[in-house]
2 protein chains.
Amino acid sequence: MPVFLDATDPEFEQGFTTLLGAKREDSPDVDDTVAAIIADVRARGDAAVIDYTARFDRITPETLAISSEEIAAAVAAVPAAERAALEQAAARIRAYHERQLPEDAEWTDAEGATLGWRWTAVSAAGLYVPGGLASYPSSVLMNAIPAKVAGVGRLAMVVPTPDGVLNPLVLLAAQISGVDEIYRIGGAQAVAALAYGTESIAPVDKITGPGNAYVAAAKRRVFGKVGIDMIAGPSEILVIADAENDPDWIALDLLSQAEHDESAQSILITTDAAFGKAVAQAVDKRLETLQRRAIAGASWRDFGAIITVPDLTTAAALSDRIAPEHLELCVADPDALSARITHAGAIFLGQWTPEAIGDYVGGPNHVLPTARSARFSSGLSTLDFMKRTTLARMTPAALRAIGPAAETLAQSESLEAHGLSVTARLRTLND
Amino acid sequence: MPVFLDATDPEFEQGFTTLLGAKREDSPDVDDTVAAIIADVRARGDAAVIDYTARFDRITPETLAISSEEIAAAVAAVPAAERAALEQAAARIRAYHERQLPEDAEWTDAEGATLGWRWTAVSAAGLYVPGGLASYPSSVLMNAIPAKVAGVGRLAMVVPTPDGVLNPLVLLAAQISGVDEIYRIGGAQAVAALAYGTESIAPVDKITGPGNAYVAAAKRRVFGKVGIDMIAGPSEILVIADAENDPDWIALDLLSQAEHDESAQSILITTDAAFGKAVAQAVDKRLETLQRRAIAGASWRDFGAIITVPDLTTAAALSDRIAPEHLELCVADPDALSARITHAGAIFLGQWTPEAIGDYVGGPNHVLPTARSARFSSGLSTLDFMKRTTLARMTPAALRAIGPAAETLAQSESLEAHGLSVTARLRTLND
């Protein structure tokens, strides 16, 4: 049974706080193991990577790289409908992320100083793709396309192939996205190889993509040597719905997060208590037959919630406290409600926009901030594969106008050489 | 003696690799101590913070907050010239960072899907300011102004006051920048208080600002609960200069990084070996009298380098391998050389733009990526205090056009409820 809360109940605050604080994930402490694997890969390179691959994936590859012939053979088996779906998704994701390309700027101010900035792409990026059940072609599109749109010259993908089994759709997604190199490795050893390089894998500058506890720990460890994306927690959805919705649609939207993971969380906020009950019944009905009913059922039972609110103002305020990864607004005027929301990774407006559209083909990225981190962070974007260099150019007149302030502040901070570097130039001008 | 290298020397690559790999900082392992402090602050709140403040700063404050009366009394003592310099710097930094405010976007595509994104400010941010010698008013401006330009509603600053001594310029910089609350605390206990909150300090969503090893370890630990900025390493400058420069100016620019810290690094790349020698002599001469000659001398001796190159093409290539925090281009056509640089935190164009201008009054931020991280990261900006929510709205027609691809991909990924959430809606449309 999910939690039922009523925002007008005197004990609501306590129940809501408990819901917000629910610890949904036990991260096993694998840091020592991961540290040893990274040190080994740094010391022994390919040989270490091959050893770990033999141990964890039960294969001893002759080459770490998956060859273009292997890729071609695998992707040839993909049915036309799936290829078309991937291509449609890729085109839409590409179009969205191209709009995120930032603009350079340069201007000259009243003092004659020319200022600005310039964006450039990361030179080489690595994309981690999990193996097995969590090996999602859609994740390949969502990570690889922004990198290529940003202009990353070299995009290297790693994907473990337990027992040597290749995933044709993952390889096809990589091909469609423009991935340049693919290696049949996974785990902390793959992250280490990307960060530090081996004989057969050149190091990259940034690593993105989801993974298990070992991969997450390895990404944390190599952060600083390379850039990383966020460390994602279990998925979440918040649906705000009025009574004018089909309870079954809303139930399926809630279940589409719950089926990801037993630690996922699905919450409904509704202005109509009877509608909330109808959704709960529809969830139970769908759970009778859903393929992943064990996972979805556990998630819904342990972390699901249905909250009744007196009005949408209350709904918006509670939503901001949850800061959801995914937020669906199934109300009469979703744009008006959206304008009152400050913290959310992605907003899906209106009943014709199920969250699953955003997972695959909407266009926006599906890598989004979890665990209330939408308060301070954003989903993956083209900008994550770029960096900004600031630019400044003084003229003698500009230095005359602003140099004295720098001299004064340098003196205040007891940084004499800072001040003298300005003073020496100003003296020449004044001579 | 700094290292002298010649890019045409057969052994250059070895020397340059050694220079790149030089370990300049020993980070003491204070993680266990910091973990205990954070746990204590979470458990005991203000009482724990007050205990640590008594132990480390030798004061037992009645209130953690520095009152507006205390601030007013302290800043009244600031001389007019220093106030004017801070105000000029603040105005220029504000003007630069206002240009970084990102634009929202919304468009409707050919399928009828309305897509876009919206930027919002972080609600509450915390700014760490070190105590003692490293307590720089310019750092307050560089962290606080972007936050306020972004629209951060509540900006809380922490600054330790060892033995109860307030720093008037730091307080004035905070006042000019619009800081909302100031607390007389520092160290890991201050970071914990900002991240988790105490009775007298409400928690924030993001923490920025420099600090010692304890502060850095605490920021790493609270990352995830709140956002943090980068963990900065020792400062660096690379100057690329031709022979048409005053050796003393270049020497002062190199020393203005070296004087920060014995671990700082200053490198000159020049097309003229004789000019390189002249700069080295000028550095030595300045080191005879410089106030911070002990620090600057140690940095220059241990990590300084002068590299002679045959041409500016080689200089640009080496610069990208260094990926410097600060890059000064003192050459005839700095814009042309700048266009060939990919990795740098900030570029200073031409001989009238000493790096110190950028530290104080240029306008761009002085919080910049160190330790070669300009390969994948950027300096602090207005964007660091904002986050982006993606938006998607389907119409029935749009869902008909792209929904089937989502159904296909959901099926491929064995995520049935994802597919059904689309199928249920399409069925209604097709009925």
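Residues numbered from 1 in each chain as written. Chains lettered and ligands numbered in written order. Predicted model: local features only at pLDDT ≥ 70, side-chain atom pairs only at ≥ 80, totals over all residues. Heavy atoms only, no water.

### Section: unusual backbone geometry
Threshold: Strands here are runs of E lasting at least two residues and helices are runs of H or I lasting at least four, both read from the DSSP assignment and numbered beginning at the N terminus. Burial classes: relative accessible area under 20% of the type maximum marks a residue as buried, over 50% as exposed, and values in between as partly exposed (1.4 Å probe, protein chains only).
Phi is positive for A:Ser414, which is not a glycine, with a value near 55°. Following the sequence through the fold, A:Ser414 ends up in the loop between helix H16 (396-412) and helix H17 (416-430). We classify A:Ser414 as partly exposed; its relative accessible area is 33%. Look at B:Arg58: it is not a glycine, yet its phi comes out positive at around 60°. Here B:Arg58 falls in the partly exposed class, since its relative accessible area comes to 49%.

### A closer look at the pattern of salt bridges
We apply this condition: Any Lys or Arg side-chain nitrogen located within 4 Å of an Asp or Glu carboxyl oxygen qualifies as a salt bridge.
In total, this model carries 37 salt bridges over all chains according to the counting rule given. Here A:Arg92 ties to B:Glu111 by a salt bridge, and the two come within 3.1 Å at their closest N and O atoms. In this pair, A:Arg92 sits in helix H5 (residues 80-98) while B:Glu111 sits in the loop between strand E2 (105-108) and strand E3 (114-121), so the two residues belong to two different chains. Classification of B:Glu111 by relative accessible area gives partly exposed; the value is 32%. The closest approach of N and O atoms between B:Asp51 and B:Arg44, which form a salt bridge, is 3.0 Å. Residue classification places B:Asp51 among the partly exposed positions, given a relative accessible area of 40%. Of the residues examined, B:Arg44 reaches a relative accessible area of 36% and is grouped as partly exposed.

### Examining the sheet that holds E3(B)
To keep it simple, the criterion reads: Being paired, for any two strands, means DSSP has found at least two bridges between them. In this description, a line fitted to the C-alpha atoms serves as the axis of each element, helices being fitted only across the stretch in contact, and the angle between N-to-C directions of two axes falls anywhere from 0 to 180 degrees.
Pairing is mixed in the open sheet, where 9 strands are placed in the order E1(A)-E11(A)-E10(A)-E9(A)-E12(A)-E13(A)-E14(B)-E3(B)-E2(B). This sheet does not close on itself; its edge strands, each paired only once, are strand E1 (3-6) of chain A together with E2 of chain B. If you compare each strand with its neighbour and ignore which way they point, the axes differ by 15° on average. Where strand E9 (residues 236-241) of chain A meets strand E12 (residues 326-330) of chain A, 5 bridges bridge the pair, whose relative direction is parallel.

### Let's talk about the sheet that holds strand E4 (residues 124-128) of chain A
Picture the strands of a sheet paired through backbone hydrogen bonds; they go either parallel or antiparallel. All names here are of chain A. For clarity, the threshold we go by: Contacts: residue pairs with any heavy atoms within 4.5 Å of one another.
The sheet built from 5 strands is open, its strands ordered E6-E5-E4-E7-E8 with parallel pairing. Looking at which strands have only one partner, the edges of the open sheet turn out to be strand E6 (181-183) and strand E8 (227-228). Packed onto the sheet, helix H8 (residues 187-196) meets E4, strand E5 (154-158) and strand E7 (206-208) and runs at close to 175° relative to E4.

### Quick word on the relation of the copies chain A and chain B
In summary, the two copies of the chain are related to each other by a rotation about an axis coupled with a shift along it. How we decide: Here the copies were fitted onto each other by least squares, based on C-alpha atoms from residues at pLDDT of at least 70 in both.
Screw-axis analysis of chain A against chain B gives a translation of 0.0 Å along the axis, an RMSD of 0.0 Å, and a rotation angle of 180°. These values place the two chain copies in the arrangement generated by a two-fold rotation axis. Residues of chain A ranked by C-alpha distance from the rotation axis are headed by A:Pro102, positioned 4.6 Å from it. Counting the interface residues of chain A, we find that 100% of their copies in chain B are interface residues as well, pointing to one common contact surface.

### Here's the deal with the pairing of E4(A)
All names here are of chain A. Judged by how many residues are buried, E4 sits mostly within the fold: 5 of 5 residues are covered. With burial as the criterion, each face of E4 is covered, one bearing Ala-124, Gly-126 and Tyr-128 and the other bearing Ala-125 and Leu-127. Alignment of E4 against E5, held across 5 bridges, turns out to be parallel. The residue bridging Tyr-128 from the neighbouring strand is Val-158, located in E5.

### Concerning the interface of chain A and chain B
What counts here: By definition, the buried area sums, over both parts, the 1.4 Å-probe accessible area that each loses when the two are put together.
At the junction of the two partners, chain A supplies 117 residues and chain B supplies 117 residues. Between chain A and chain B, roughly 10,200 Å² of surface is buried when both sides are summed, and carbon and sulfur atoms account for 57% of that area. Where chain A meets chain B, there are 11 salt bridges. A salt bridge links B:Arg425 to A:Asp253; its shortest N-O distance comes to 2.6 Å.

### Overview of the UniProt feature "binding site: NAD(+)" (unreviewed entry) in chain A
Residue and element names in this part refer to chain A. Put simply, the test is: UniProt positions are given in the numbering used here, feature names are shortened, and annotations may be inferred rather than shown by experiment. The definition of a polar contact used here is a pair of N or O atoms within 3.5 Å, where within protein one atom must be able to donate a hydrogen and the other to accept one, and adjacent residues in sequence count solely through side-chain atom pairs.
Within this structure's numbering, the places UniProt gives as "binding site: NAD(+)" (unreviewed entry) are Tyr-128, Gln-189 and Asn-212. Look at the named residues: they lie 85 residues apart in sequence, but the longest C-alpha span between them is just 12.8 Å, so in the fold they bunch up. In this structure, Tyr-128 sits in strand E4. Not counting chain neighbours up to four residues away, the residues in contact with Tyr-128 comprise Val-158, Pro-160, Gly-186, Gly-187, Ala-190, Val-191, Thr-208, Gly-209, Pro-210, Gly-211 and Val-215. Here the side chain of Tyr-128 touches Gly-187 through a polar contact of 2.7 Å, landing on its backbone nitrogen. You can see Gln-189 is positioned in helix H8. Looking at Gln-189, its side chain comes within polar contact range of the main-chain oxygen of Gly-186, at 2.9 Å.

### Quick word on the domain arrangement of chain A
Let me state the cut-off plainly: Domain ranges listed in this record stem from an automatic or a database domain assignment.
What the domain assignment reports for chain A is domain 1 (3-25 + 233-362), domain 2 (31-102 + 120-228) and domain 3 (394-430). Computed from C-alpha coordinates alone, the two centres of domain 1 of chain A and domain 3 of chain A are separated by 58 Å.

### Focus: the side chain of B:Ser266
All names here are of chain B. Tracing the backbone shows Ser-266 in strand E10 (residues 265-270). Side-chain polar atoms of Ser-266 contact the backbone oxygen of Leu-254, separated by 2.7 Å. Setting aside anything within four residues of it in sequence, one finds Ser-266 in contact with Ile-237, Leu-254, Gln-257, Ala-258, Trp-300, Phe-303, Gly-304 and Ala-305.

### Some remarks on the packing of helix H6 (residues 137-150) of chain A against helix H7 (residues 168-177) of chain A
Residue and element names in this part refer to chain A. Heads up, the rule is: For classification purposes, an angle smaller than 35 degrees is called roughly parallel, one larger than 145 roughly antiparallel, one from 65 to 115 roughly perpendicular, and anything else oblique. The sense of a crossing depends on the near helix, which, turned anticlockwise from the far helix by less than a right angle, makes the crossing left-handed and, turned clockwise, makes it right-handed. Classification used: nonpolar for Ala, Val, Leu, Ile, Met, Phe, Trp, Tyr, Cys and Pro, charged for Asp, Glu, Lys and Arg, polar for all others including Gly.
At a minimum axis distance of 9 Å, the contact between H6 and H7 shows a crossing angle of 15°. When the axis of H6 is compared with that of H7, the two are roughly parallel. Along this stretch, H6 crosses H7, giving a crossing that reads as right-handed. Between H6, through Pro-137, Val-140, Leu-141, Ala-144, Ile-145 and Lys-148, and H7, the contact on the second element is made entirely by Leu-169, Val-170, Ala-173, Ala-174 and Ser-177. Of the residues contributing to the contact of H6 with H7, the split by class is 9 nonpolar, 1 polar and 1 charged.

### Regarding helix H3 (residues 46-57) of chain B
Residues and elements named next belong to chain B. The criterion, for reference: What a helix is expected to span follows from its residue count: subtract one and scale by 1.5 Å. The arc in question is the one spanned by the directions pointing from the helix axis to the C-beta atoms.
The terminal C-alpha atoms of H3, which comprises 12 residues, lie 15 Å apart, in line with the 16 Å expected from a rise of 1.5 Å per residue. When H3 is considered as a whole, its buried residues turn out to be Asp-46, Ala-48, Val-49, Tyr-52, Thr-53 and Asp-57. The buried residues of H3 occupy an angular sector of 160° when projected down its axis, which confines them to one face. Where H3 is buried, its residues meet helix H2 (31-44) and helix H8 (187-196).

### Digging into the packing of helix H5 (residues 80-98) of chain B against helix H6 (residues 137-150) of chain B
Residue and element names in this part refer to chain B. It is the contact of H5 with H6, at a shortest axis distance of 9 Å, that shows an interaxial angle of 40°. Both H5 and H6 take part in a crossing whose hand is right-handed. Contact with H5, carried on its side by Leu-86, Ala-89, Ala-90, Ile-93, Arg-94, His-97 and Glu-98, involves Pro-137, Leu-141, Met-142, Ile-145, Pro-146 and Val-149 of H6 and no other residues of that element. By residue class, the composition of the contact of H5 with H6 is 10 nonpolar, 1 polar and 2 charged.

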